[in-house]
Amino acid sequence: MIVRIRDTALAIPAILALKLQNSGVDVNFYSPWNRGHAGDYDLPELFNWMDSICKAK
């Protein structure tokens, strides 16, 4: 699972990634350093990814 979170404190996605890892989920977490809070989101790609996760279960 790839999680990219831009507009929140670093602790929130880190806690989420650790919780998922501890639950047995394969997590690929990274934090992009030295980057601003960009609002350039690819929403169709995000929604397709979320649909694929929900349909897989």
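Definitions and limits used
Throughout this document, residue positions are counted from 1 along each chain, in the order its sequence is written. Local features in a predicted model are, by the rule used here, given only for residues with pLDDT of at least 70; side-chain atom pairs are given and counted only at 80 or more, and totals for whole chains, interfaces and linings are based on all residues. Only heavy atoms go into the side-chain values, all of them from the structure, while hydrogens and water stay out. Numbering of helices and strands runs from the N terminus; a helix is a DSSP stretch of H or I covering at least four residues, while a strand is a stretch of E covering at least two. Relative accessibility under 20% of the residue-type maximum defines a buried residue, over 50% an exposed one, and the middle range a partly exposed one, all with a 1.4 Å probe and only protein chains included. Computed with the Shrake-Rupley method and a 1.4 Å probe, the accessible areas treat only the protein chains shown as cover for residues. The length a helix should cover is 1.5 Å for every residue beyond the first. Looking at any residue, its pLDDT shows the predictor's confidence there, from 0 to 100.

Which parts of the structure should I look at to understand the overall build of the protein chain?
For the protein chain, the count of helices and strands is two helices and two strands. Helices and strands in the protein chain line up, N terminus first, as β-α-β-α. Here the protein chain holds 57 residues, and 7% of them are scored as buried. Accessible surface, the protein chain: about 5,000 Å² in total, of which carbon and sulfur atoms supply 58%.

What is the right way to read helix α1 (residues 11-22) from this model?
One turn of an α-helix holds 3.6 residues; hence residues three or four places apart share an orientation. The terminal C-alpha atoms of α1 lie 16 Å apart, and with 12 residues this matches the ideal 16 Å at 1.5 Å per residue to within 8%. Positive phi appears at Gly24, one or two residues downstream of α1, with a value of about 95°.

What's the story with the confidence of the model for the protein chain in this structure? I'm lost.
Any segment with low pLDDT has predicted coordinates that should not be analysed in fine detail. Mean pLDDT over the protein chain: 76, with 65% of residues reaching 70 or higher. Within the protein chain, α1 carries the highest mean pLDDT (88), whereas strand β1 (residues 2-3) carries the lowest (56).

Is there a simple way to explain the environment of Pro13 in this structure?
Turning to its location among the elements, Pro13 is positioned in helix α1. Of the residues examined, Pro13 reaches a relative accessible area of 4% and is grouped as buried. Note: C-alpha distance between Pro13 and Ser31 (18 residues apart in sequence) is 8.8 Å.

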